[in-house]
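Spelled out from the first residue to the last, the chains are:
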Amino acid sequence: LRFPQKLWKMLESDQFRSIWWSEGGKCVAINKDLFEAEVLGREGQQVFHTQKIKSFMRQLNAYGFTKMQRNFQRSASLPEFLAEEAAASAHSQILYYYNPSFNRAHPWLSEMCKRR
């Protein structure tokens, strides 16, 4: 299978907890640390031909995925701000990638995901 097909199968599988659809099926969300252990760290059963997250991210980029930034609205009060900072820190382990041709509602578009 090509990279986009493998990625699609992972997203549709309930076998992996480290990768899922987000934004209503328009983005791929990856828990970086969990993905490294659960997918890239597999012994003998590699899904992708790498054990490094940087190589996996290069593959995403090569197929037209772009990293999405999360913008958080900050509160003016100090206690709320500190709570939001703690949540944002935990949330920073989640990577979001977007490709207009990779959409859960339109699986046929994934055939347009070509390596650059």
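Heads up: the structure comes first, above all this text.
Note that the coordinates shown come from a computational prediction; the quantities given were computed from them, not determined experimentally.

### What about helix H3 (residues 53-62)?
Here comes step 1: For H3, every residue scored as buried is listed here: Ile 53, Phe 56, Met 57, Leu 60 and Ala 62.
Here comes step 2: Where H3 is buried, its residues touch helix H1 (3-12), strand S2 (27-31), helix H2 (32-40) and strand S4 (94-98).
Here comes step 3: Directly after H3, the chain includes Gly 64, whose backbone phi takes a positive value near 90°.

### Focus: the packing of aromatic side chains
The way to describe two aromatic rings as a pair is by their centre distance and the angle between their planes.
Here comes step 1: Per the stated rule, a full pass over the model turns up nine aromatic pairs.
Here comes step 2: Members of the aromatic cluster, joined through ring pairs, are Phe 3, Phe 35, Phe 48, Phe 56 and Tyr 63.

### Concerning the sheet that holds S2
Here comes step 1: Taken in spatial order, the four strands of this open sheet run S1-S2-S4-S3, and their pairing is antiparallel. One side of each edge strand has no neighbouring strand; the edge strands of this open sheet are strand S1 (19-22) and strand S3 (66-68). The sheet shows a mean angle of 35° between the axes of neighbouring strands, direction not considered.
Here comes step 2: Of the strand pairs in this sheet, S2 and S4 are connected by five bridges, and their pairing is antiparallel. The residue of S4 that forms the bridge with Asn 31 is Ile 94.

### What to know about the environment of Pro 4
Here comes step 1: For Pro 4, the position within the fold is in helix H1.
Here comes step 2: With a relative accessible area of 2%, Pro 4 lands in the buried category.
Here comes step 3: Once the C-alpha coordinates of Pro 4 and Arg 115 are considered, the two residues, 111 residues apart in sequence, prove to be 9.5 Å apart.
Here comes step 4: Pro 4 has contacts with Tyr 63, Phe 102 and Cys 113, leaving out every residue within four places of it along the chain.

Here is what the cut-offs are and how they apply
- Residues numbered from 1 in each chain as written.
- Predicted model: local features only at pLDDT ≥ 70, side-chain atom pairs only at ≥ 80, totals over all residues.
- Heavy atoms only, no water.
- Buried < 20%, exposed > 50% of the residue type's maximum accessible area, 1.4 Å probe, protein only.
- Helix = DSSP H or I, 4+ residues; strand = E, 2+ residues; numbered from the N terminus.
- Contact = heavy atoms within 4.5 Å.
- Phe/Tyr/Trp six-rings, centres within 6.5 Å; stacked < 30°, edge-to-face > 60°.
- Pairing = 2+ DSSP bridges.
- Axes fitted to C-alpha atoms, helices over the stretch in contact; angles between N-to-C directions.

Keep in mind these numbers describe shape, not what the thing actually does.
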